[in-house]
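Take a look at the letters that make up each chain.
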Amino acid sequence: MDQAKGYKWETVLICGLMAAACAALFKWRGWDTLLPAKTLCGVGLVMLVANALLNVELWMDMPQLGHALLFSTGVTCLLLAASRWLFGILFSLCCICSFIDAVSRVKYGIILDHSIVEQVLGANMEEVKNYFTWDVAALLAGTLLLIAGLVWGMLRVVRGKSRLRLLGSGLLLLLVSMVARQYTIPPDTKRGCAEWPVSLTRRTVKAVVKADNANNRLIHMLGTLPHISADDVSMPTLKGGEGVLCILHIGESVRADHMGIYGYHRDTTPRLKENGRLIRFDRCVSSAPFTVSAFVSIMTDASGDVMDPKAPHTEPTVRSLVDIFRACGFKNTTFSSIGREDLQRRVFWRPPYESLLAVFSEDGEMVEYHGDPMTQVQQIHDQVAQEPGANRIVLVNNEGSHAPFAWYDKENPPFTPAGAEGRANRPASNPDMAVLAKNAYDNTICYTDEYIHRLLQGLGNRPYIYIYVGDHGEYVGDDGGQWERGRMTEGYHKTGGCLVPLLIVASPEFESLHPHFRQAVERLRANKGVTASQDHVFHTLLGVFGISAPQYKAEYDLSSANVLPYAGELPEKAQP
């Protein structure tokens, strides 16, 4: 990672200003501008320890140690000249960032960038607990003690030294390090380690800002779109009071090629295989490896490959699918791990996933499950039974196969040995962990299979249509041995991780309500060989219910005779 590329003229300007400042200070105070040699050696020694232990990129390029030492010592002197407190706070923050970066690289094989930060911002507590293992906690505790020792040692070394000497020494060291780096290291071999901790801090801040801006832009855009009114849409197929259920279940992290009904060598979906009314689309492509982007693709009329900024795509023009159904007289309920009270408690900052749910659940109920997601099944049955005559759109989201693959029948696991800890211990380089993780992942597919069976079985004779679509896949060793989630943005649509299940079940009672419903379901069966994408879901639901809306496009409607297949990039067959 060349932090200096593209900054040659800026570097020349900065070096010129520092050289002028050094000359002015030296002319004014002479040698009194510099720290004593003993003090300077002490500062350098402390920074040598800090670089060796916390500058993880330096381990890959030790020849740049001299540049890193000069640069970090210069930055330290400038911070100390400004304020001892400022040095202590900023240096501690930089060291903590370095610790996170080191653990991510060494333990999980992940390089922190904006895509990883996006996933971190949307992480759930179960995932955090699984990744924050005892050894990571011990390392963090040791790092905090190390940071405290480094800060204390540095303050002791420079005790009694004037700000002027610190300023002069800092400017001179920075000048020497930047000039040396610019003209002694070949451009294609430069690394950010030579500018630690500034390089890491800059990269981390940019990653956080980019991820936060990307999420906020989407959420702000949806939140500012006008609501759909009854005058904007029409639905001649229903008059109200029929008790129709439209259940949209967005599954978490389920790969289609790990489901038995999609040809997986393990029978991970025995219940779905027995369902005679199941419509299984052969291929469905997810828009992105992030839940937030995938949710927007499914729930709105946005279309296109969000992973490729050069690919044609359209922005959403409607707040959500739920908004259109509400305008048609449907009540809406959201079932997820987040409740309305959780949203109201987030005063200053709300994770992007929660912000999306706030938009999608407007004017409706939110039901939160605790612990085992299977408890959600009974919550759904109880909720829809309260008003059997109400037409209702139900949005369901739960853990499913989300990392760290923790939810399945632990007492009777279908595949053993299995353990959620496998996904948190870099299975790419640990065969034993890979077995644990892969078995655990397949167990979660079996769990989802049972979940869907119980959910549909409990709906009885209600007229319903149930749609299950995955938000994104996972890297579980099937794509060139890749496991690290941090690589998901690299050629995502060339891997099996982008293929997610798209399943539809319509009850006989639903089909018998209106001739249009029966015809729509028949066309869904006829089109099941069409390569679908998440962009099709929004328009398909409008088409199935016969909803006339400006946003509807027949070419994206899988129940239409005019549907067009997904035409973007597709993966080749996964290689184990």
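Everything here concerns the structure above.
So, how was this worked out
- Residues numbered from 1 in each chain as written.
- Predicted model: local features only at pLDDT ≥ 70, side-chain atom pairs only at ≥ 80, totals over all residues.
- Heavy atoms only, no water.
- Patch = residues over 30% accessible without salt bridge, like charges linked within 9 Å, V, L, I, M, F, W, Y side chains within 5 Å.
- Areas by Shrake-Rupley, 256 points an atom, 1.4 Å probe, with all protein chains shown as cover.
- Salt bridge = Lys/Arg side-chain N within 4 Å of Asp/Glu carboxyl O.
- Helix = DSSP H or I, 4+ residues; strand = E, 2+ residues; numbered from the N terminus.
- Core = buried A, V, L, I, M, F, W, Y, C linked by side-chain atoms within 4.5 Å.
- Buried < 20%, exposed > 50% of the residue type's maximum accessible area, 1.4 Å probe, protein only.
- Contact = heavy atoms within 4.5 Å.
- Pairing = 2+ DSSP bridges.
- Axes fitted to C-alpha atoms, helices over the stretch in contact; angles between N-to-C directions.
- Arc of directions from axis to C-beta.

(A) Representation of a nonpolar patch on the surface. Together, Leu45, Leu48, Val49 and Leu53 make up a nonpolar patch on the protein surface, roughly 330 Å² of accessible area in all. Position of Leu53 among the secondary structure elements: in helix α2 (residues 37-54).

(B) How the structure looks around the nonpolar core. Counting 64 residues, the largest nonpolar core has Leu248, Phe325, Phe545 and Ile547 as the members making the most contacts within it. If near-sequence neighbours (up to four positions away) are discounted, Phe325 is found in contact with Cys246, Phe330, Ile393, Leu541, Leu542, Phe545 and Ile547. Within the second largest apolar cluster, 39 residues are counted, among which are Met374, Leu456, Tyr464 and Tyr468.

(C) View of the sheet that holds strand β2 (residues 278-280). As summarised here, the arrangement of the seven strands in space is β2-β10-β9-β1-β8-β6-β7, forming an open sheet in which the pairing is mixed. Where the open sheet ends on each side, the last strands, each with one partner, are β2 and β7 (365-368). Strand-to-strand, the axes of this sheet are offset by a mean angle of 15 degrees, without reference to chain direction. The sheet contact formed by strand β1 (residues 245-251) and strand β9 (residues 464-470) spans seven bridges and is parallel. Looking at the pairing, Cys246 lines up with Ile465 of β9.

(D) Helix α15 (residues 375-385), seen in detail. Turning to α15, its buried residues number three or more, namely Gln376, Val377, Ile380, His381, Gln383 and Val384. Seen end-on, α15 carries its buried residues on one side only, within an arc spanning 165 degrees. In the core, the buried residues of α15 are packed alongside β1, β6 (331-336), β7, β8 (392-397) and α16 (431-457).

(E) Representation of the environment of Arg426. Note that Arg426 resides in the loop between β8 and α16. For Arg426, a relative accessible area of 25% gives the class partly exposed. Through-space distance from the C-alpha of Arg426 to that of Trp483 is 7.5 Å; in sequence the pair is 57 residues apart.

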